[in-house]
2 protein chains.
Amino acid sequence: MIKTPYLLFLGDAPDPLAAKVAQGIRDWRPENAVGQLRLPGCKADLRIPDMTLADARQAGAQTLVIGVANRGGVISDAWLDVLVEALAEGYDIASGLHTLLRDQPRLVEAAREHGRELHDVRLPAVRYPIADGRKRSGKRCLAVGTDCSVGKMYTALAMDAEMRKRGMKSTFRATGQTGILVTGEGVPLDAVVADFMAGAVEWLTPDNEAEHWDHIEGQGSLFHVSYSGVTMALIHGGQPDALILSHEPTRTHMRGLPDYDLPSLETLRDTALPLARIANPACEVVGISVNTAGLDEDAAVTCLREIEERMGLPAVDPFRQGAGRLVDALDRL
Amino acid sequence: MIKTPYLLFLGDAPDPLAAKVAQGIRDWRPENAVGQLRLPGCKADLRIPDMTLADARQAGAQTLVIGVANRGGVISDAWLDVLVEALAEGYDIASGLHTLLRDQPRLVEAAREHGRELHDVRLPAVRYPIADGRKRSGKRCLAVGTDCSVGKMYTALAMDAEMRKRGMKSTFRATGQTGILVTGEGVPLDAVVADFMAGAVEWLTPDNEAEHWDHIEGQGSLFHVSYSGVTMALIHGGQPDALILSHEPTRTHMRGLPDYDLPSLETLRDTALPLARIANPACEVVGISVNTAGLDEDAAVTCLREIEERMGLPAVDPFRQGAGRLVDALDRL
């Protein structure tokens, strides 16, 4: 568990997209983002106060989160100087970079000297159990996609936010590094050893109050041959009560696999639901989230209407329209 | 890759079952089993020559394989004395024990001193790639089960043996520690990190001659919620041309999951085949292997006949009847 709130380190981000982890924290947990720390040349701006390490510490920041991708997989000396200073100022540091904090001798030494923690959120920090398949109390929702990277995390975060806005009991359960940094906790599922994947998802979504919903961050796709095993473990470890189908209508082939076509939403439904019912016979497909970022407003509306009529389920783009109708669908369950 | 042939270490096995890894090597790769090394009190006997370390070395043995489970997860001093002596005699050591050789300081030191290798086959020794889904040449067969531990490894080994007996081109591809020790190589799939599971299976079953068959050792079951993700990765990474359905007819619930019923063979077929066709549209279910160890001869014959008529596919127990009819079915593909 990463201590909140954060000071968000944007470094020398070459463009706004490089700072998308920080942007995710700013969008979904603004209360966790005390300020931003930018180095000369930084081209990203979260429109929150620029702060020095000392100012943000005064304002209560506990952890410096690296909210930006590093160039070429190397943590530069300019970054290291700031990070070492942060440890001396009393910050923990959290990072989702491929290059690990724990592999940087200067950081390891400074963390030890000052009694601070280094969180590499790409690596599991827990010994997860083998899944036992026991039925847990509380409710769970999982988005499954026709492909990877079609908006499953966004959908889960938007549904969680909408539920909390309505005063419903809800938790977003992160399974990837961005989600873990946004919420301060979770399971880096793609880095878990095969035998413990489903058990890690069970651990992440424990017994809860009967009316509480976990919104589990989806990963991969049953139809993406590189990652389908991870998706399968989410479906069986998460034992969802509700599935959301996620889709990106302009995708011409599976991400990174030019010879693989996307499945139809019907095929996704007919594949995922029977598999989910192995772990939870009551599971239902309740709605569809469509990432229409590649369409203009008219085309998006037409696309959503066509899918909604065809599938007989609410079809929304949570980014354009909010997740209200998906939450309504859960509420009716 | 583990150097063959082996001297099989049975230690002080309390009963024959404790030495089942050694028995597997003796049954499936007798040419790899130069002899057995037993300590006082050993209750297992492979009916191959008892040899000292020096005798077996003279006879060509390269690796001492620990073919027995250790008691209480501890490698005893009596074992360690033998293992250290083996390293001094010029043996490598291979083990599938949970307790790792590399965690035994005496072994690590002796291996370094004598320039020998310690193989802990439960741990991956390779950095596997992310799966790319590219269609590979050659043919692949995978057994998928209604449950775990229903005879998938046995089926693959029996089909491989039958093919080689017929002069066909065939390789058994091990994905678990017993299979790896039997053949000297493979992937310990349940210990691979989630993102690399399917890639590890691709790596294990590379391009091959058009008429060559890989018999991929199955793991878990799509219907076993603890391990279904591993099974999924085998189906998509292995891109099988042929599936064998494996079943144990006396099982009353999923192994270790008392609240989970087994699926029917029809449900297994209708679930596994569409998933397999994502990676290989030409995949077919060609036969059924039934583990009838829990039935007497009459009941077994009746069971097999009933399944064969119901499913319209050859149904055999490879242990009672050999794998000939399953190989015939592959040959017809």
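Residues numbered from 1 in each chain as written. Chains lettered and ligands numbered in written order. Predicted model: local features only at pLDDT ≥ 70, side-chain atom pairs only at ≥ 80, totals over all residues. Heavy atoms only, no water.

Let's shift gears to helix H7 (residues 197-204) of chain A. Taking burial as the measure, the eight residues of H7(A) include seven buried ones, the bulk of the element. Listed as buried for H7(A) are Met197(A), Ala198(A), Gly199(A), Ala200(A), Val201(A), Glu202(A) and Leu204(A). Where the residues of H7(A) are buried, they touch strand S7 (170-173) and helix H8 (228-238) of chain A together with helix H7 (197-204) and helix H8 (228-238) of chain B. (Buried < 20%, exposed > 50% of the residue type's maximum accessible area, 1.4 Å probe, protein only. Helix = DSSP H or I, 4+ residues; strand = E, 2+ residues; numbered from the N terminus. Contact = heavy atoms within 4.5 Å.)

Now for the interface of chain A and chain B. Contact with chain A, which involves 31 residues of that partner, is made by 31 residues of chain B. Each partner contributes to the roughly 2500 Å² buried at the junction of chain A and chain B, and carbon and sulfur atoms together form 62% of this total. Per-residue buried area on chain A facing chain B is highest for Asp195(A), Val225(A) and Ile278(A); these three make up 20% of the total on that side. Counting across the interface, chain A meets chain B through 10 residue pairs in polar contact (both at pLDDT 80 or more). Contributions of two or more residues to the side of chain A that touches chain B are made by H7, H8 and helix H9 (265-279) of chain A. Partitioned by chemical class, the residues of the side of chain A that touches chain B number 21 nonpolar, seven polar and three charged. (Buried area = accessible area lost by both parts, 1.4 Å probe. Polar contact = N/O pair within 3.5 Å; in protein donor to acceptor, adjacent residues only side chain to side chain. Nonpolar A, V, L, I, M, F, W, Y, C, P; charged D, E, K, R; others polar.)

Attention now goes to the pattern of salt bridges. The full count for this structure, using the stated rule, is 49 salt bridges over all chains. Residues Glu162(B) and Arg166(B) are paired through a salt bridge, measuring 2.8 Å at the closest nitrogen-oxygen approach. The network of salt bridges with common partners includes Glu162(A), Lys165(A), Arg166(A) and Asp328(A). (Salt bridge = Lys/Arg side-chain N within 4 Å of Asp/Glu carboxyl O.)

Across residues other than glycine, the phi torsion is negative in most instances, and most of the peptide bonds are trans. Following Thr4(A), the chain continues to Pro5(A) via a peptide bond in cis, the omega torsion being -5°. Inspection of the secondary structure puts Pro5(A) in the segment before strand S1 (6-11). Phi angles above zero are rare outside glycine, and Gln239(A) is one such case at about 35°. Looking at the element boundaries, Gln239(A) is found in the loop between H8 and strand S9 (242-247). The backbone of Arg47(B) shows a phi angle near 60°, a positive value even though the residue is not glycine. Note on placement: Arg47(B) falls in the loop between strand S2 (33-38) and helix H2 (53-58).

Below, the discussion takes up the domain arrangement of chain A. All names here are of chain A. When its domains are assigned, chain A resolves into domain 1 (6-120) and domain 2 (139-331). Computed from C-alpha coordinates alone, the two centres of domain 1 and domain 2 are separated by 29 Å. Every contact between the two is made by 12 residues of domain 1 and, on the other side, 14 residues of domain 2. Carbon and sulfur atoms make up 67% of the area that domain 1 and domain 2 hide from each other, which totals about 970 Å². Ranking the residues of domain 1 by area buried against domain 2 places Val 21, Trp 28 and Arg 29 at the top, with a combined share of 60%. (Domains from an automatic or database assignment.)

Moving on to the pairing of strand S8 (residues 213-216) of chain A. Residues and elements named next belong to chain A. Residues Trp 213 and His 215 line one face of S8 and the alternating positions Asp 214 and Ile 216 line the opposite face, and both faces are buried. Direction of pairing for strand S6 (residues 139-145) relative to S8: parallel, over a ladder of four bridges. Bridge pairing in S8 places Cys 141 opposite His 215. Pairing geometry for S7 and S8, over four bridges, is parallel. Looking at the pairing, Thr 171 lines up with Asp 214 of S8. (Pairing = 2+ DSSP bridges.)

This brings us to helix H5 (residues 152-165) of chain A. For H5(A), spanning 14 residues, the distance from its first C-alpha to its last is 20 Å, which sits close to the expected 20 Å at 1.5 Å a residue. Taken as a whole, H5(A) has its buried residues at Lys152(A), Thr155(A), Ala156(A), Leu157(A), Ala158(A), Met159(A), Asp160(A), Glu162(A) and Met163(A). (Expected span 1.5 Å × (residues − 1).)

Looking at soluble globular proteins, one finds that nonpolar side chains tend to be buried together. Of all hydrophobic cores here, the largest spans 92 residues; its most connected members are Leu189(A), Leu243(A), Ile288(A), Leu189(B), Leu243(B) and Ile288(B). By size, the runner-up hydrophobic cluster in this structure holds 68 residues, among which are Leu8(A), Met51(A), Leu53(A) and Val121(A). (Core = buried A, V, L, I, M, F, W, Y, C linked by side-chain atoms within 4.5 Å.)

On to the sheet that holds S6(A), then. Backbone hydrogen bonds hold the strands of a sheet together, and the pairing may be parallel or antiparallel. Residues and elements named next belong to chain A. Ordered by their spatial adjacency, six strands build an open sheet running S7-S8-S6-S9-S10-S11, and the pairing between neighbours is parallel. In the strand order of this sheet, the two ends are held by S7 and strand S11 (315-316), each with one partner. Contacts between H9 and the sheet are confined to S6, S9 and strand S10 (284-290), with S9 contributing the most and set at about 150° to the helix. Lying on the sheet, helix H10 (residues 297-311) is in contact with S9, S10 and S11; it crosses S10 at an angle near 165°. (Axes fitted to C-alpha atoms, helices over the stretch in contact; angles between N-to-C directions.)

We now examine the UniProt feature "domain: D-glutamate N-acetyltransferase-like C-terminal" (unreviewed entry) in chain A. This chain's UniProt record puts "domain: D-glutamate N-acetyltransferase-like C-terminal" (unreviewed entry) on residues 130-327 of chain A. Within residues 130-327 of chain A, the helical portion is 39% and the strand portion 15%, while the C-alpha atoms at the span's ends are 31 Å from each other. (UniProt positions renumbered as here; feature names shortened; annotations may be inferred.)

Residues and elements named next belong to chain B. If you trace the six strands from one edge of the open sheet to the other, you get S7-S8-S6-S9-S10-S11, paired in parallel fashion. Each of the sheet's edge strands pairs with one partner strand only, and the pair in question is strand S7 (170-173) and strand S11 (315-316). Inspection of the sheet shows strand S10 (residues 284-290) paired to S11 by two bridges, in the parallel sense. Bridge pairing in S11 links Ser 289 to Val 316. Contacts from helix H5 (residues 152-165) reach strand S6 (139-145), S7, strand S8 (213-216), strand S9 (242-247) and S10 within the one sheet, and its direction differs from that of S7 by about 160°.

This paragraph deals with the side chain of Glu248(B). All names here are of chain B. Tracing the backbone through its elements, the reader meets Glu 248 in the loop between S9 and helix H9 (265-279). Residue classification places Glu 248 among the buried positions, given a relative accessible area of 12%. At a separation of 2.8 Å, a polar atom in the side chain of Glu 248 contacts the main-chain amide nitrogen of Thr 250. Not counting residues within four places of it along the chain, the set of residues in contact with Glu 248 comprises Thr 146, Val 150, Leu 262 and Asn 291.

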